[in-house]
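# Residue-level structural notes
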Amino acid sequence: NAGVTQTPKFRVLKTGQSMTLLCAQDMNHEYMYWYRQDPGMGLRLIHYSVGEGTTAKGEVPDGYNVSRLKKQNFLLGLESAAPSQTSVYFCASSWGQSSSYEQYFGPGTRLTVT
Amino acid sequence: RKEVEQDPGPFNVPEGATVAFNCTYSNSASQSFFWYRQDCRKEPKLLMSVYSSGNEDGRFTAQLNRASQYISLLIRDSKLSDSATYLCVVKGSSNTGKLIFGQGTTLQVKP
């Protein structure tokens, strides 16, 4: 039982390049989330999904797209990377039921855009 | 005003000390409350949920004051391994499971 995994762990991009971050969970969680964490800003929600085939915008969605084609995977795409997207990206998942809103996090992806 | 506010610290305390963190939240309709712990360059992990009646887990005690909209975390007999950032987390009234994270309070326990 790996929990939540993220690929890749580190990446350096040049401005304008694109990439996809992959999040996978093996807990059969319904809800999944993508956050970014910047110094002094805390965790900010980019996009989230409340079930397979659904996605919704979070607090800071601009410049990102997501897809949830399979329940266990949640992909975050950067179509044209900008230096402002240099950050640590965390994926999380949860049951989403009233009894358990605890979110389980992946180890993070450290992205640098030059 | 931020939805969840914490004093970022750092709090520097000696081993064995008792330390308390407070957090305030702005949405009176918030339903669930948590403390997460985040070690340097690691992911956040749930430390404990916070219940209306207050709850304790070993050396850690969490309290909720709905009337004043604040949450507290008390750590007794601090250990070096308690050094981390503690995130105050609030769930709003929606059914999306979205959590609002505070900026975090950094604790450094020194020998």
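Right, let's walk through the structure included here.

It is worth spelling out the sheet that holds strand β8 (residues 73–78) of chain A at this point. Residue and element names in this part refer to chain A. What the four strands build is an open sheet, ordered β1-β3-β8-β7; its pairing is antiparallel. With partners counted over all chains shown, the strands left at the sheet margins are β1 (4–7) and β7 (64–67), one partner each. This sheet shows a mean twist of 20° between the axes of neighbouring strands, independent of strand direction. Summarising the sheet, β1 and strand β3 (residues 19–25) pair through four bridges and their orientation is antiparallel. Residue Gln6 lies in a different strand from β3, and its bridge partner there is Cys23.

We now examine the interface of chain B and chain A. Taken together, the contact pairs 19 residues of chain B with 18 residues of chain A. Of the roughly 1600 Å² buried between chain B and chain A on both sides combined, carbon and sulfur atoms contribute 57%. Applying the counting criterion to the chain B and chain A interface returns zero salt bridges. Across the chain B-chain A interface, the total number found is three residue pairs in polar contact (both at pLDDT 80 or more). Listed by contribution, the elements that provide at least two residues to the side of chain B that touches chain A are β4 (32–38), β5 (44–50), β9 (84–91) and β10 (99–101) of chain B. For the side of chain B that touches chain A, the element with the highest residue contribution is β4(B), accounting for four residues. Residue composition of the side of chain B that touches chain A, by class: seven nonpolar, seven polar and five charged.

What counts, and at which threshold
- Residues numbered from 1 in each chain as written.
- Chains lettered and ligands numbered in written order.
- Predicted model: local features only at pLDDT ≥ 70, side-chain atom pairs only at ≥ 80, totals over all residues.
- Heavy atoms only, no water.
- Pairing = 2+ DSSP bridges.
- Helix = DSSP H or I, 4+ residues; strand = E, 2+ residues; numbered from the N terminus.
- Axes fitted to C-alpha atoms, helices over the stretch in contact; angles between N-to-C directions.
- Contact = heavy atoms within 4.5 Å.
- Buried area = accessible area lost by both parts, 1.4 Å probe.
- Salt bridge = Lys/Arg side-chain N within 4 Å of Asp/Glu carboxyl O.
- Polar contact = N/O pair within 3.5 Å; in protein donor to acceptor, adjacent residues only side chain to side chain.
- Nonpolar A, V, L, I, M, F, W, Y, C, P; charged D, E, K, R; others polar.

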